[in-house]
Amino acid sequence: MLDRRRFIGAATIGTGAAIAGLAGSGPAFGQGAQALASPQVDFPENPRDFGGGGSAAGAVNRAEIDLFDCEVEGNWPQDLDGVFYRVGPDPQYPKDPKWAGDIPFDGEGHVSMFRIKDGHVDYKTRYVRNQRWKAQHEARRSLFGMYRNPLTDDPSVEGLSRGTANTQLFLHHGKLLVYKEDSPPVHLDPLTLETIDDYYTFGGKLNSQTHTAHPKIDPLTGEYIGFGYEASGLLSKDIFVFSADRAGQVNWSTTVQAPYAGMMHDFAVTQSHIVLYLTNMVADAERIRAGGVHFTYDPGKPCYMGVMRRGGDGKDLKWFTGANLFCTHVMGGWSDGDKIVTDWDGGEGNQFPFFPSKAPFEPAKATGLIRRFTIDLSSRTNDRYQTETLFPEVNGVLSRQDDRFHTLPYRYGYLNSGAGWAIIDHADSSVQQVTVPDYRLSEMTFVPRKADAPEGDGYLIGIGSSIKENGRSDLILVDTKDPAAGPVARVKMPFQVVGQVHGFWADASQIPGASAA
Ligand code: V55
Ligand code: FE
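Small disclaimer: the values here were computed from a predicted structure and weren't measured.

Draft legend 1. Layout of the sheet that holds strand E18 (residues 304-309). As summarised here, the arrangement of the four strands in space is E14-E15-E18-E19, forming an open sheet in which the pairing is antiparallel. With partners counted over all chains shown, the strands left at the sheet margins are strand E14 (267-269) and strand E19 (318-320), one partner each. Across the sheet, the axes of successive neighbouring strands diverge by a mean angle of 20 degrees, strand direction being ignored. Relative to E19, E18 runs antiparallel, the two sharing three bridges. The residue of E19 that forms the bridge with methionine 305 is phenylalanine 320.

This is the structure:
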């Protein structure tokens, strides 16, 4: 009964809940503290009390695992050749009891990969050896305090990057880059998961202290487009926006200003424009000074959508307001002349119940629906975006698409709907639900059937967590052309794998040395 509530709860209360695996009544800010005076490694009983190590809808594994030739059930496609990468927080050490009110987004990034080839699947995981991990490993204890608050750190780590690398990863110019939006990427070897650069700056050209967890790749040029908010330091309104060519050389960048400093988790890129979105999860100087987490949700502040041309100097950036929607992830978007359309999942209110808030948390307002934003740039006086809700009968979060259609008009979108995965077809306005009896499903990632398969033709891949078997994990593969048939194959893991925020599929042809290995 409790598990079923958790399952449904994810869709009902939004992105944060889906990621953190929280039920509607997760521990409130500042509660759940448990005295931990001993320096010995002793996590509190309740894994949801982050001070003691909450994870992201998965186990706190801490163990780095190599499992060669996993058990595969069903008809795993023999010609699938690539890697499904995932990352999520996996607390390295219990927090000092002073910071027991910290949130699940602050656990150290643990990367896992399923190397899939000839119908065989090898599993490997490694913590990201970022500056934070190394300092704590050396000290055998937690040295970093609250989420994105350097004032709460042990004095010994001053000047080190606080980045956890726990949110998303991308493969580009042969490098596996792992992200946390408060810091530059960390560069890992895509086959061994060894950390190669703990502070990757695109050859010194990332003129920002931060980098989003959600860069985009332009499928026509192979360019990588990214941004960083609070780019010039804590509470800064600067936003650094840039692109890099196929070889990772930065070929465009500019710095623009946000109306205020607040969470800008994802962004959209079209063939001609950059679309930024500022939510009213506001960077809170007072709370930071008082030793709290970085943000406070403030429904009294407007959300803004900012649009600027790609490749320009940023002076054309214009901020629009409209329905105040709390949107976290982009499904897709495109430009049609002066018209810019972007689809996001979002709620009418805060989706992250574990952040402090100026208003009580309202589960109903956290419900994620597909919100289509339309902006018309042809009128100089227009400063409003228009919104509509698509597929109001489908709720969910963590929206994705066939990543080969970033920047372009697109047909298929995917949503983690709590009841499973939803496959959205914008062309015929249909929805198909993917459910797996007895399983809760993490975020889905699209895998093309072949490198040149038509849009949406392939598989959805992701972790399922067995309710009956106490969370034991399967890697689940569903054919997008026959989702009703259920999983075509599963990898049966002998334990509950580390939790995930996001995942990424890379074809073997993109991974240096993959074919030889
Ligand atoms: C998100 C996740 C984060 C974070 C800020 O999904 C936003 C949204 C896992 O960390 O720090
Ligand atoms: Fe995200």
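Draft legend 2. Focus on the pattern of salt bridges. Enumeration over the complete set of coordinates arrives at 33 salt bridges. With a shortest N-O distance of 2.9 Å, arginine 115 and aspartate 81 are connected by a salt bridge. One end of the pair, arginine 115, is in strand E4 (residues 109-117); the other, aspartate 81, is in the loop between strand E2 (71-74) and strand E3 (82-89), and 34 residues separate them in sequence. Judged by its relative accessible area of 10%, arginine 115 is buried. One salt bridge connects aspartate 402 with arginine 404, and the closest N-O pair in it is separated by 2.7 Å. Here the residues in one salt-bridge network are Lys95, Asp102, Asp106, Glu108 and Arg132, joined through shared partners.

Draft legend 3. Summary view of the nonpolar core. Membership of the largest hydrophobic core comes to 36 residues, with the highest contact counts inside it found for Ile239, Ile274, Leu276, Trp319 and Phe355. Among the elements of the structure, strand E11 (224-229), strand E12 (238-244), strand E13 (250-257), E14, strand E15 (273-278), strand E16 (281-283), strand E17 (295-297) and E18 are those that each provide at least two residues to this core. Listed in part, the 34 residues of the second largest apolar core include Val83, Leu188, Leu191 and Ala508.

Draft legend 4. Region of the structure containing the UniProt feature "binding site: Fe cation" (unreviewed entry) in the protein. Here, UniProt's "binding site: Fe cation" (unreviewed entry) annotation points to His214, His265, His329 and His502. These residues run over 289 residues, yet every pair of their C-alpha atoms falls within 12.8 Å of each other. According to the relative accessible area criterion, histidine 214 is buried, its value standing at 8%. Residues contacting histidine 214, with those up to four places away along its chain left out, are Gln168, His265, Asp266, Phe267, His329 and His502. Following the sequence through the fold, histidine 329 ends up in strand E20 (residues 326-336). Taking the relative accessible area as the measure of exposure, histidine 329 reaches 2% and is therefore buried. Within polar-contact distance, the side chain of histidine 329 engages the side chain of threonine 328 at 3.5 Å.

Draft legend 5. Structural context of the packing of aromatic side chains. Enumeration over the complete set of coordinates arrives at 33 aromatic pairs. Ring plane angle 80 degrees and centroid distance 5.6 Å describe the contact between phenylalanine 326 and phenylalanine 352, whose orientation is recorded as edge-to-face. Of this pair, phenylalanine 326 sits in strand E20 while phenylalanine 352 sits in the loop between strand E21 (339-347) and helix H5 (363-366), placing them 26 residues apart in sequence. When sorted by exposure, phenylalanine 326 lands in the same class as phenylalanine 352, which is buried. In this structure, arginine 62 is placed above the aromatic ring of tyrosine 93, and the distance from its NZ or CZ to the ring centre is 5.6 Å.

Draft legend 6. Spatial organisation of the layout of surface pockets. There is about 650 Å³ of room inside the largest pocket. Considering the residues around the largest pocket, the lining is formed by 22 residues, among which Leu171, Ile217, Arg404, Phe504 and Gln510 are closest to the centre. Elements supplying a minimum of two residues to the lining of the largest pocket: strand E6 (168-172), strand E29 (445-448) and strand E33 (502-507). Here the residues of the lining of the largest pocket are counted per class, giving nine nonpolar, seven polar and six charged. Taken as a whole, the second largest pocket spans an internal volume of roughly 470 Å³. Forming the boundary of the second largest pocket are 23 residues, of which Pro150, Leu160, Arg162, Asp182 and Gln209 lie nearest the centre.

Draft legend 7. Region of interest: the coordination of the iron ion (ligand 2). For the iron ion (ligand 2), the full set of protein donor atoms is His214 (NE2), His265 (NE2), His329 (NE2) and His502 (NE2), at a range of 2.0 to 2.1 Å. Mapped onto the polypeptide sequence, the residues donating to the iron ion (ligand 2) form the spacing pattern H-x50-H-x63-H-x172-H. Here histidine 214 is found in the loop between strand E9 (195-197) and strand E10 (216-217), whereas its partner histidine 502 is found in strand E33, with 288 residues between them in sequence. Classification of histidine 502 as buried rests on a relative accessible area of 1%.

Draft legend 8. Broad picture of the pairing of E21. In terms of residue burial, E21 counts as a mostly covered element, since eight of its nine residues are buried. Once E20 ends, the chain turns through two residues before running back antiparallel as E21, passing glycine 337 with a positive phi of about 65 degrees. Both E21 and strand E22 (residues 369-376) contribute to a ladder of eight bridges, which runs antiparallel. If you follow tryptophan 344 over to E22, its bridge partner there is arginine 371.

Draft legend 9. Quick peek at the side chain of serine 161. Structurally, serine 161 is set in the loop between helix H3 (131-139) and E6. The class for serine 161 is buried, based on a relative accessible area of 12%. Among the polar contacts made by the side chain of serine 161, one reaches the main-chain amide nitrogen of glycine 163 at a distance of 3.2 Å. Those residues within four positions of serine 161 in sequence are excluded, and the remaining contacts are Gln131, Arg132, Phe144, Ser183 and Tyr199.

Draft legend 10. Structural detail: the environment of threonine 445. Along the chain, threonine 445 falls in strand E29. In this structure the side chain of threonine 445 is engaged in a polar contact, spanning 3.4 Å, whose partner is the side chain of arginine 400.

Draft legend 11. How the structure looks around the environment of valine 241. The topology assignment puts valine 241 in strand E12. Note on valine 241: relative accessible area 0%, which makes it buried. Through-space distance from the C-alpha of valine 241 to that of isoleucine 274 is 8.6 Å; in sequence the pair is 33 residues apart. Apart from the residues lying within four places of it in its own chain, the contact partners of valine 241 are Gly226, Phe227, Trp252, Ser253, Thr254, Val256, Ile274 and Met308.

Draft legend 12. Layout of the pairing of E29. Burial along E29 is two-sided: the residues Thr445 and Val447 and Phe446 and Pro448 are all buried. Here E29 runs beside strand E30 (residues 458-466); their pairing, made up of four bridges, is antiparallel. From the neighbouring strand, valine 447 faces E30, where its bridge partner is tyrosine 459.

The rules behind these values
- Residues numbered from 1 in each chain as written.
- Chains lettered and ligands numbered in written order.
- Predicted model: local features only at pLDDT ≥ 70, side-chain atom pairs only at ≥ 80, totals over all residues.
- Heavy atoms only, no water.
- Pairing = 2+ DSSP bridges.
- Helix = DSSP H or I, 4+ residues; strand = E, 2+ residues; numbered from the N terminus.
- Axes fitted to C-alpha atoms, helices over the stretch in contact; angles between N-to-C directions.
- Salt bridge = Lys/Arg side-chain N within 4 Å of Asp/Glu carboxyl O.
- Buried < 20%, exposed > 50% of the residue type's maximum accessible area, 1.4 Å probe, protein only.
- Core = buried A, V, L, I, M, F, W, Y, C linked by side-chain atoms within 4.5 Å.
- UniProt positions renumbered as here; feature names shortened; annotations may be inferred.
- Contact = heavy atoms within 4.5 Å.
- Polar contact = N/O pair within 3.5 Å; in protein donor to acceptor, adjacent residues only side chain to side chain.
- Phe/Tyr/Trp six-rings, centres within 6.5 Å; stacked < 30°, edge-to-face > 60°.
- Lys NZ or Arg CZ within 6 Å of the ring centre and 35° of its normal.
- 1 Å grid on protein atoms, 1.4 Å probe; cavity = no way out; pocket = protein on both sides within 12 Å on 5 of 7 lines; lining within 4 Å.
- Points joined across faces, edges and corners; volume = space filled by probe spheres on them.
- Nonpolar A, V, L, I, M, F, W, Y, C, P; charged D, E, K, R; others polar.
- Donors = N, O, S within 2.8 Å, 3.2 Å for Na, K, Ca; no water.

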